[in-house]
Amino acid sequence: MMVGHAMLAFALATAATMRRWPRKRALAFGVAAAAFAAVPDVDMLYAVFGLAQVGLASVWTMTAAFWQSSHVVHRAVTHSLVVGVVAAAAFAASVGGRTDAGRRWSRLLAASLVAGLAGVAYAESGPLGGAVMLAFLVAGLGVAAVAASRSDLGPRALLAAALVGLLSHPFGDVLTGAPPRFLYPFDLRLLADRVVLLTDPTLNLLAVFGLELATVWLAGYVYLRATDRRVLSHVDTRAAFGVAYAVAAVAMPAPTMEVSYHFVFSILAVGGVGVAPNLLPSRRVLSAEWDETVTWVLTGLTAVSVAALTYTLVYVLYPVP
């Protein structure tokens, strides 16, 4: 879901500013918001320790260990709206100040907020919580530093971008897994269980996947509008290859939110049709023109969308016992 978080933040931030700001600045603001939206998932790094504990085992054993260890801190310390507001202020303050004195005071404020958040996490969740919070803060400070050096976004704009990214992130997780602790470190929970859209577990997964695709399409549409491009001029007919994925509805076990890897990995592979014809010795993909790259991405996205739609239709119309 990390991609979905970033795409939603990009779409919201860019759409809100592209009519008031120059195109380049609006896009930079959107990219900064997208980067901040990805920062909370740095807490997944702890799950690597789960893999280390089981060593080399079966795919399902390693998968179970990964998610079990990730749930210790995932969607808690870094997924809080309370933490998000304070962290956003720290990230913006770290690049603030127009004079030497102003920069010193701004950096002192950022350091105080960072130390405070790390201390609260340590007190509430122990050394693990403190370490995860510190990793989250370092990542956010890095995003702020890069954004400030690569664009004309000042502290106020970066504060807004950080708020869009950090505060939109937790809401994207209510449909998958355990709901975030929105008000951490306070012992108050807005949701006890994840939100289920449909009672059929496979259709529920497909609905959530569809929302993820819709979010990516929204970000793509906003980008195309901001750069005066049209969707149809960047979608190649080979995207129709996605129709062939319909056979997966009868060839593979029906996926659910608990067991979805075979579906997710295989359907995302369909997106390779966007760039596959260009992977030839005579072509250099990394040196392609940006306009061509946009076509590859949108063609792949269209292929995946067609695959998801046809898979759903076959699953509904021709259920396999």
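Our subject is the structure listed above.
Before going into details, it helps to say that this report is about the structure given with it. (Residues numbered from 1 in each chain as written. Predicted model: local features only at pLDDT ≥ 70, side-chain atom pairs only at ≥ 80, totals over all residues. Heavy atoms only, no water.)

A word on the nonpolar core. F209, Y245, F263, I267 and Y311 are the most contacted members of the largest nonpolar core, which has 39 residues in total. Secondary structure elements with two or more residues in this core: α1 (2-17), α2 (23-38), α8 (201-226), α9 (248-251), α10 (261-269) and α11 (290-317). In terms of residue count, α8 provides more of this core than any other element does, 11 residues in total. Ignoring any residue separated from it by four or fewer positions in sequence, one finds I267 in contact with F209, Y245, V304, A307 and A308. A13, A37, V114 and A147 belong to the second largest nonpolar core, which has 32 residues in total. (Core = buried A, V, L, I, M, F, W, Y, C linked by side-chain atoms within 4.5 Å. Buried < 20%, exposed > 50% of the residue type's maximum accessible area, 1.4 Å probe, protein only. Helix = DSSP H or I, 4+ residues; strand = E, 2+ residues; numbered from the N terminus. Contact = heavy atoms within 4.5 Å.)

Turning our attention to a nonpolar patch on the surface. Taken together, L309, L313, V316, L317 and Y318 make up a surface patch of nonpolar side chains, about 550 Å² in accessible area. Positionally, L309 belongs in helix α11. (Patch = residues over 30% accessible without salt bridge, like charges linked within 9 Å, V, L, I, M, F, W, Y side chains within 5 Å. Areas by Shrake-Rupley, 256 points an atom, 1.4 Å probe, with all protein chains shown as cover. Salt bridge = Lys/Arg side-chain N within 4 Å of Asp/Glu carboxyl O.)

The next thing to look at is helix α5 (residues 81-93). Between its first and last C-alpha atoms α5 spans 18 Å; for 13 residues at 1.5 Å apiece the expected length is 18 Å, and the two agree. Every buried residue of α5 is listed here: L81, V83, G84, A87, A88, A90, F91, A92 and A93. Elements in contact with the buried residues of α5: α2, α6 (100-150) and α7 (155-168). If you check the start of α5, you find a side-chain oxygen 3.1 Å away from the backbone N of V82, and it comes from S80. (Expected span 1.5 Å × (residues − 1). Polar contact = N/O pair within 3.5 Å; in protein donor to acceptor, adjacent residues only side chain to side chain.)

Moving on, we come to the side chain of S305. Mapped onto the fold, S305 is located in helix α11. Take S305: its relative accessible area is 19%, and that puts it in the buried class. For S305, the side chain forms a polar contact with the side chain of W217, separated by 2.8 Å. Beyond its immediate chain neighbours, meaning those up to four positions away, S305 contacts L213 and W217.

Turning our eyes to something else, we now look at unusual backbone geometry. Here the amide bond leading from Y184 into P185 is cis, since omega sits at 10 degrees, within 30 degrees of zero. Tracing the sequence through the fold places P185 in the loop between α7 and α8. Positive phi, close to 55 degrees, is recorded for D228, a residue that is not glycine. Position of D228 among the secondary structure elements: in the loop between α8 and α9.

A separate point is the environment of A308. Considering the arrangement of structural elements, one finds A308 in helix α11. For A308, a relative accessible area of 11% gives the class buried. For the pair A308 and Y245, spaced 63 residues apart in sequence, the C-alpha to C-alpha distance is 7.9 Å. With residues up to four places along the chain from it excluded, the contact list for A308 reads F209, L213 and I267.

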